[in-house]
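Read off the chains here:
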Amino acid sequence: MDRNIKLIWLARLAMSAARSLAGVIVPIYLALLGFNATRLGELFVLVGIVSALMSSLVGYLSDKIGNKFALVVFPLLAAMAAIYYAFFSHIVGLYIFAALGSFGRGAGAGGGMVGPYQPAESSFLTQGVPAKFRNDVFGRISLMSTLGALLGALLAVFAPGGHLKATDLSAAFRFSMLLIAGLSICASLLALGIREKSESAKLRRARSDGGFWPKRSMKLLFRFWATNSLNGIAVGMFGPFITYWFFKRFGAGPAKIGFLYAIVNLASLSSAISAAPLARRFGIVKASTFLRFAQSILLFPLALAPNFIVASAIYLVRMLAQRAALPLRQSFAVAMAHPDERARVAALSNLPSQVFSAASPSLSGWMFDNLSLSIPFEIGGLLQLLSGLLYYHFFKATRPEEELDESG
């Protein structure tokens, strides 16, 4: 166990708890301030665009100057955003700081999984880890995300109810917002302890081709772009609205939704560590494809669920598949990239997903307000199914290093 990896895991635990708590609190807080789904969609569009730009910048700079800076700086941006939300409610500030803090990126019980610093984190985890252990390392970071999301969801149980008057909102949600800030600061402080070798940064700059684009991995990148574009549109249709959907469809407040997310994350602990065994048994591409199929198909019964209990059960099963699939996709992306371009590939492979998931919430918000609360889920499920088919078509004959080693 490398000391750096331990610190990254602990930092992810703290940051995931912060994002998980924000994923419950922020959408309901904004809805109580008067945001409808269309307005929330507009905010999520801005958040998605800014997050995509920041993530791309992180991928480029990490291959040039190292990874540590992103793991220190970006949690501080989330802390600043939470502090603003704790004390102020000016509309322009809410938009600006939501974008800086990536509020709305990821959602629901899985809200602790993402952040603009993720390319740097993925690159750091890959360095010095033998190929045969890489899926295990990414599975463990997913496990820490789940533990953090569980902690954040439990903290949300103690948040104020969903029927407050507008004049009471700032004071009522202040403690929860400050908790988000405190957890984010802890993540940044933990990352400060990471020891990044100066000589590795120099070698990285010397080996780099000097450009923004990872030229040696472009063919791989184009394939990721095709599959992730469809998946990005799909996720943007429903992902940022999960908490809002439970709030509007079933009248569930922060405590009830937080309790659900806590159960989901508790049940998902095994999914994170089952990712590597699934990859070893079926191959990483087949396992990833099957799990994406499961995620997409389960959106249809979720959208039509008659009550909160049934919806919760379907959502739990879907999140089990999502938690097992995410580390496999991350691991596969960095495994197939050129070693000197891993951070850029990790960032840019998800760029279309981030761009399209940033664009689609405005459309799905309008649908929620004017058509129904189920149509965006159904469209998202269909698009995610198509994304899975395309992913399998592109990569079914591609095998990462550890699978080639096992076959002799």
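Now for a quick tour of the structure. Owing to the predicted nature of the structure, the values given are computational and were not obtained by experimental measurement.

Here is what the cut-offs are and how they apply
Along each chain, numbering runs from 1 in the same order as the chain's sequence is written. Per-residue local features are limited, in this predicted model, to residues with pLDDT of at least 70; the limit for side-chain atom pairs, both in listing and counting, is 80 or more; totals at the level of whole chains, interfaces and linings are taken over all residues. Calculation of side-chain values draws on the structure's entire complement of heavy atoms; hydrogens and water are dropped beforehand. A run of DSSP states H or I qualifies as a helix once it reaches four residues; a run of E qualifies as a strand once it reaches two. Both are numbered from the N-terminal end. Any N or O atom pair separated by 3.5 Å or less is treated as a polar contact, with the protein-specific requirement of one donor-capable and one acceptor-capable atom, and with residues adjacent in sequence counted only for side-chain atom pairs. We call two residues in contact whenever any of their non-hydrogen atoms come within 4.5 Å of each other. Here the axes come from fitting lines to C-alpha atoms, over the contacting stretch only for helices, and the angles between their N-to-C directions go from 0 to 180 degrees. Should an angle lie under 35 degrees it is considered roughly parallel, over 145 roughly antiparallel, and from 65 to 115 roughly perpendicular; all remaining angles are considered oblique. Note on convention: the crossing is left-handed when the near helix lies turned anticlockwise from the far helix by less than a right angle, right-handed when the turn is clockwise. Each residue gets one label: Ala, Val, Leu, Ile, Met, Phe, Trp, Tyr, Cys and Pro are nonpolar, Asp, Glu, Lys and Arg are charged, and the others, such as Gly, are polar. Throughout this description, the term nonpolar core refers to a set of buried Ala, Val, Leu, Ile, Met, Phe, Trp, Tyr and Cys residues connected via side-chain atoms within 4.5 Å. Each residue's exposure class comes from its accessible area (1.4 Å probe, protein chains only) as a fraction of the maximum for that residue type: buried when under 20%, exposed when over 50%, partly exposed otherwise. Like-charged residues are merged into a patch within 9 Å and nonpolar side chains (Val, Leu, Ile, Met, Phe, Trp, Tyr) within 5 Å, provided each residue has over 30% relative accessible area and no salt bridge. Residue-level accessible areas treat just the shown protein chains as cover; the underlying method is Shrake-Rupley with a 1.4 Å probe. By convention in these notes, a salt bridge is any Lys or Arg side-chain nitrogen within 4 Å of a carboxyl oxygen on Asp or Glu.

Let us now look at the side chain of Ser-296. Its location among the elements puts Ser-296 in helix H13 (residues 284-303). A distance of 2.8 Å separates a polar atom in the side chain of Ser-296 from the backbone oxygen of Phe-293. Ignoring any residue separated from it by four or fewer positions in sequence, one finds Ser-296 in contact with Gly-381, Gln-384 and Leu-385.

Here the focus is the packing of helix H3 (residues 68-87) against helix H4 (residues 91-101). Contact pair H3 / H4: the axes reach a minimum separation of 7 Å and the direction vectors enclose 155°. Classified by the angle their axes make, H3 and H4 are roughly antiparallel. The interaxial crossing formed by H3 with H4 has left-handed handedness. Listed contacts from H4 to Leu-77, Ala-78, Met-80, Ala-81, Tyr-84 and Tyr-85 of H3 are Gly-93, Leu-94, Phe-97, Ala-98, Leu-100 and Gly-101. When grouped by side-chain class, the residues that make up the contact of H3 with H4 number 10 nonpolar, 2 polar and no charged.

A few words on the nonpolar core. In terms of nonpolar packing, the biggest core is built from 92 residues, with Leu-30, Leu-43, Tyr-85, Phe-246, Tyr-261, Tyr-315 and Phe-377 touching the most fellow members. Judged by nonpolar contacts, the second largest core, of 18 residues, contains Ala-279, Ala-287, Leu-328 and Phe-332.

Okay, unusual backbone geometry next. Non-glycine residue Ser-102 carries a positive phi angle of around 60°. Inspection of the secondary structure puts Ser-102 in the loop between H4 and helix H5 (118-126).

Okay, the packing of H13 against helix H14 (residues 308-336) next. Viewed as axis vectors pointing N to C, H13 and H14 meet at an angle of 155°, and their least axial separation amounts to 8 Å. It follows that H13 is roughly antiparallel to H14 by the angle criterion. Crossing angle aside, the handedness with which H13 passes H14 is left-handed. Along the lines of polarity and charge, the residues of the contact of H13 with H14 split into 18 nonpolar, 4 polar and 3 charged.

A surface patch of nonpolar side chains, amounting to about 340 Å² of accessible area, comprises Leu-76, Ile-185, Leu-189 and Leu-192. Here the nonpolar patch takes 3 residues from helix H7 (residues 169-192), the largest share from any one element. Along the chain, the position of Ile-185 falls in helix H7.

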